[in-house]
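Close look at the chain arrangement
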Amino acid sequence: MTAANSNTDVAMIIDGERVGAGEFIDIINPATGEVFAQAPRAGQVELDRAVAAAQGAFPGWKATPYDERRRLLAAAAKIIMANVDELARLFTLEQGRPLAFAREEVMGAAMWLKGMGMHELPVEVTEDTEQRRVEVHREPLGVVCAIVPWNFPVLLAFWKISHGLLAGNTMVLKPSPFTPVTTLRIGEILREALPAGVLNIICGGDELGPMMTSHPGFAKISFTGSTATGKRIMASAAQDLKRITLELGGNDAAIVLPDVDVEGVAQSLFMGAFYNTAQICIATKRLYIHEDIYDELKARLHALAKSLKVGNGMEEGVVFGPLQNALQYERVKALLADAREQGLTLLEGAPVPQQGYFLPLTLVDNPPDDSRVVTEEAFGPVLPLLKYRDVDEVVERANRSEYGLAGAVWSKDIDVAVAIAHRLETGTVWINQNLQSSPTTPLAGHKQSGIGAENGLDGLLEFTQPKAIYIPKVG
Ligand code: NAD
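Overview of the structure. (Residues numbered from 1 in each chain as written. Predicted model: local features only at pLDDT ≥ 70, side-chain atom pairs only at ≥ 80, totals over all residues. Heavy atoms only, no water.)

1. Notes on the sheet that holds strand β22 (residues 464-472)
So the rule is basically this: One bridge is not enough; two strands pair if DSSP finds at least two bridges between them. The secondary structure listing takes helices from DSSP runs of H or I that are at least 4 residues long and strands from runs of E that are at least 2 residues long, numbered from the N terminus. Axes here mean lines fitted to C-alpha atoms, for a helix over just the part in contact, with angles spanning 0 to 180 degrees between N-to-C directions.
Pairing in this open sheet of three strands is antiparallel, and the strands run β5-β6-β22 from one edge to the other. With partners counted over all chains shown, the strands left at the sheet margins are β5 (124-128) and β22, one partner each. Neighbour to neighbour, the strand axes of the sheet diverge by 20° on average, direction disregarded. Strand direction decides the pairing type here: β5 and strand β6 (residues 132-140), joined by four bridges, are antiparallel. In the strand pairing of β6, Glu124 is matched with Val136.

2. A word on the side chain of Glu247
How we decide: Between N or O atoms, a polar contact is any pair within 3.5 Å; within protein, one atom must be a potential hydrogen donor and the other a potential acceptor, and residues adjacent in sequence are included only when both atoms are from side chains. Pairs of residues are marked as contacts when any of their non-hydrogen atoms sit within 4.5 Å.
Inspection of the secondary structure puts Glu247 in strand β11 (residues 243-247). At a separation of 3.0 Å, a polar atom in the side chain of Glu247 contacts the main-chain amide nitrogen of Glu454. In this view, Glu247 contacts Phe223, Thr224, Gly225, Leu443, Gly445, Ser449, Gly452, Ala453 and Glu454; residues no more than four positions away in its chain are not counted.

3. As for the site of the ligand
The following threshold applies: Nearness is judged by heavy atoms alone; a residue qualifies as near a molecule or strand once a single heavy atom is within 4 Å of it. Residue-level accessible areas treat just the shown protein chains as cover; the underlying method is Shrake-Rupley with a 1.4 Å probe.
Of all residues adjacent to the ligand, which total 28 residues, the nearest are Val148, Ser226, Thr229, Leu248 and Glu377. A distance of 2.8 Å separates an oxygen atom of the ligand from a polar side-chain atom of Lys174. Separating an oxygen atom of the ligand from a backbone N or O atom of Gly225 is a distance of 3.2 Å. Protein coverage of the free-state accessible area of the ligand, which is 850 Å², stands at 88%. For the shell around the ligand, the elements supplying multiple residues, two or more each, are α7 (208-213), β10 (220-224) and α8 (227-237).

4. Topic: the packing of aromatic side chains
Spelled out, the test is: Pairing of aromatic side chains here covers Phe, Tyr and the six-membered ring of Trp, requires ring centres within 6.5 Å, and sorts the geometry by plane angle: under 30 degrees stacked, over 60 edge-to-face, intermediate tilted. For a ring to carry a charge above it, either NZ of a lysine or CZ of an arginine must fall within 6 Å of the ring centroid while also lying within 35 degrees of the normal to the ring plane.
Enumeration according to the criterion identifies six aromatic pairs in this entry. Each ring, one from Trp150 and one from Phe379, has its centre 5.5 Å from the other, and the planes form 70°; the classification is edge-to-face. With Trp150 in the loop between β7 (143-147) and α5 (153-166) and Phe379 in the loop between α12 (372-375) and β16 (382-388), this residue pair connects regions lying 229 residues apart in the sequence. In textbook terms, an aromatic cluster arises when at least three aromatic residues are bridged by ring pairs, as seen for Phe270, Phe274 and Phe320. In this structure, Lys220 is placed above the aromatic ring of Phe463, and the distance from its NZ or CZ to the ring centre is 5.0 Å. The ring of Tyr294 carries Lys387 above its face, with NZ or CZ at 5.0 Å from the centroid.

Worth remembering: the numbers are spatial, not functional.
Rendered as structure tokens:
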């Protein structure tokens, strides 16, 4: 085991120590395409050491009273808030999102650490007779393997940390190889609040994820990422029946009814699709617009695409950053090329910088339902606008997807919108809003968008095992 690498300040956190590795991963600033940091590349030795540290810390953390765990996590939230400026800067450098929005994500991590503390672990009494009392308690599972993607690298990590640690588990967390820097830095500063070994953060290349999911030391895998990877993780977890929570891909539909105030809703609809350069699992990825207002709304959305600035997130006035990595940039570029080849009409937004992984925000004008821009999760700034005539038709089209993450309905008539919401096969439906999530409320994918939930009491309970205790009242 080497000490933290000397040519960069980025280190893993294992058993409360800063730890380096013999090899490194280059971390690229997506706004420039240039390397701005190097992170350690963990192998089996570092993984084993992190798991052993988490196993060693588990009995003590499990025995720590729930209120005390809650207090320590709230203290950790304060440490993050005290460092928000430095963390947001690192975030923009590695993820690309403009600084103001990067701040929001870092603050979100703190908010979740404190916010999940609103929940109590329930003790359910399922029977209480003269003969006996039966209590169902919730116990932590052990060591959790947490794996997160690059699109919301900090918040999604803290959804797992806030739940898993509060419930009494210890954790080994792996950020995406594209975006480990901010998370590792937070792990470093949180050593002040959390006992050694409770939260270990390691990073590595593509080989590290499979090494983790097949490691016998983990009791549970909490994963956020693509559906394809989710399936591999489920297969790997089956070897020793590790518990799993999978938060996977989506192809969310938003349905706009003809009674909306087009001017009033255009900006919200636009941001619901393009925030974070459309790299959001719960972004609007198919926008169904009633034929009566289609042309007017299309024109407003196109005007927004042309007026909002895409560029380096460190610059003032930039609203949308680059695609986060070269792989995703090439994927979305290929999707756009395919759309052009199919003869689809593309409405492009403002010009973008030539250096870095930038693509213009692009609307696709009423493509066929079976075109790739409609059926696939683009996970980039390409939004199909789809014309519809009646509600039954649009509900059927919206549900025609292997995904079922979230959706939205836009109307002045809330009762009508709620009735449509009940017909959508998704875990979440927003009415006249989008991209909402909170520690209060479960986010759970239907169909191939996931298994289990994050957030809300449901999310917390995913990190526990029910234990029934039968207590006799008569000898
Ligand atoms: P990805 O599946 O490629 O990678 C996610 C993480 O898994 C990374 O840390 C990666 O290193 C790791 N990984 C890759 N292969 C692995 C394997 N075989 N075993 C174990 N770990 C492995 O996803 P991505 O490209 O980083 O993220 C984009 C995807 O994530 C999109 O599909 C998006 O919709 C989804 N996502 C879902 C949610 C949600 O809450 N449902 C939130 C954000 C993103």
